[in-house]
Amino acid sequence: MCWSATADLVAGTAIGAIGAYCVVRVRTPRELPFAALPLLLGAHQIVESVIWRHGGGTGWATLTWAVIALPLLPLWVPIGVLLVAPAGARARLAIPLVAGVLTAGALCYALATRTVVAEIRGNRVGYLLDLPQSVPVIVGYLLATVGALLLSGDPILRLLGILTGVGAVVCLVLWRTEFVSTWCALAAVVSVVLLVWVRNGPHRAGEWRTAG
């Protein structure tokens, strides 16, 4: 797999367009945050294309990318899932939500007190941030994002959780120092699963009642 400014720009534009379609197709305001996830991730890839063109560094694009990738996603995903979850699933979704709040708080503090630096490493981008206790933060991050999807009770969202969970393991093994960048790119690509979720809207209520 190869990334570049052009690849990020093309992928981000395509995924953002899918996200815009998902937003237009929502049926209730509660679905809006989660349906907008591909739109957010598409914008995220477009921001990274700017980082490529600037040769990395510490500019506004790097900070914007880091804010989305680090504190925002572990809050956005569990909140979005909780809003669309059936009543029977909400109690268990408190676990990834709490993990997301704590993780986002730690990452906000790190970004506010330290400088994040992007480095171009061949065909990938690495992001450097001095983060004490990185292992608990990574565990909390994955519990908030992947965990919320797996506990959602919806078969399509569980599939998204499985894909992003397997992708996290692969990215961590293959590209440990570029894990955040590669996993976010993978998450953006597999977020197209939400297109099926949005289009399947009329059937979700019945499916979730059965699943719950």
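Residues numbered from 1 in each chain as written. Predicted model: local features only at pLDDT ≥ 70, side-chain atom pairs only at ≥ 80, totals over all residues. Heavy atoms only, no water.

(A) View of the environment of P96. Inspection of the secondary structure puts P96 in helix α5 (residues 87–113). Spatially, the C-alpha atom of P96 lies 18 Å from that of R30, the residues being 66 residues apart in sequence. (Helix = DSSP H or I, 4+ residues; strand = E, 2+ residues; numbered from the N terminus.)

(B) Inspection of empty space enclosed by the protein at higher detail. The full count for this structure, using the stated rule, is two cavities of 30 Å³ or more. One number sums up the size of the largest cavity: a volume of about 130 Å³. Lining the largest cavity, in full, are L37, L41, L73, V77, T145, V146, L149, L160, T164, W183, A187 and S191. If you list the elements that add at least two residues to the lining of the largest cavity, you get α3 (37–54), α4 (60–84), α6 (134–150), α7 (155–174) and α8 (179–190). The element best represented in the lining of the largest cavity is α6, accounting for three residues. Residues that form the lining of the largest cavity fall into these classes: nine nonpolar, three polar and no charged. When its volume is computed, the second largest cavity comes out at roughly 30 Å³. (1 Å grid on protein atoms, 1.4 Å probe; cavity = no way out; pocket = protein on both sides within 12 Å on 5 of 7 lines; lining within 4 Å. Points joined across faces, edges and corners; volume = space filled by probe spheres on them. Nonpolar A, V, L, I, M, F, W, Y, C, P; charged D, E, K, R; others polar.)

(C) Spotlight on the packing of aromatic side chains. Under the counting rule described, the total for this entry stands at two aromatic pairs. Aromatic pair F34 and W197: ring centres 5.6 Å apart, planes at 75 degrees, arrangement edge-to-face. Placement of the pair is F34 in helix α2 (residues 32–35) and W197 in helix α9 (residues 193–199), with a sequence separation of 163 residues. Assigned by exposure class, F34 and W197 land together as buried. Taking 3.8 Å as the distance between ring centres and 5 degrees as the angle between the ring planes, the aromatic pair formed by W65 and Y127 counts as stacked. With W65 in helix α4 and Y127 in strand β2 (residues 124–128), the pair connects residues that are 62 residues apart, well separated along the chain. (Phe/Tyr/Trp six-rings, centres within 6.5 Å; stacked < 30°, edge-to-face > 60°. Buried < 20%, exposed > 50% of the residue type's maximum accessible area, 1.4 Å probe, protein only.)

(D) Summary view of the confidence of the model for the protein chain. Mean pLDDT over the protein chain: 87, with 92% of residues reaching 70 or higher. By mean pLDDT, helix α10 (residues 201–211) is the weakest element of the protein chain at 45, and α4 is the strongest at 95. (pLDDT = per-residue confidence, 0-100.)

(E) Region of the structure containing the nonpolar core. Membership of the largest hydrophobic core comes to 52 residues, with the highest contact counts inside it found for F34, L37, W183 and W197. Considering every element that reaches this core, the biggest residue donor is α4, with 10 residues. Sequence-distant contacts of L37, that is, excluding residues within four places in its chain, are made with L73, W76, V77 and L194. (Core = buried A, V, L, I, M, F, W, Y, C linked by side-chain atoms within 4.5 Å. Contact = heavy atoms within 4.5 Å.)

(F) Expanded view of the layout of surface pockets. Considered as a void within the structure, the largest pocket measures approximately 600 Å³ in volume. Lining the largest pocket we find 24 residues, and of these L131, S134, I138, F179 and V180 sit closest to its centre. Residue assignment for the lining of the largest pocket shows that the elements contributing at least two residues are α4, β2, α6 and α8. At six residues, the largest contribution of residues to the lining of the largest pocket is made by α6.

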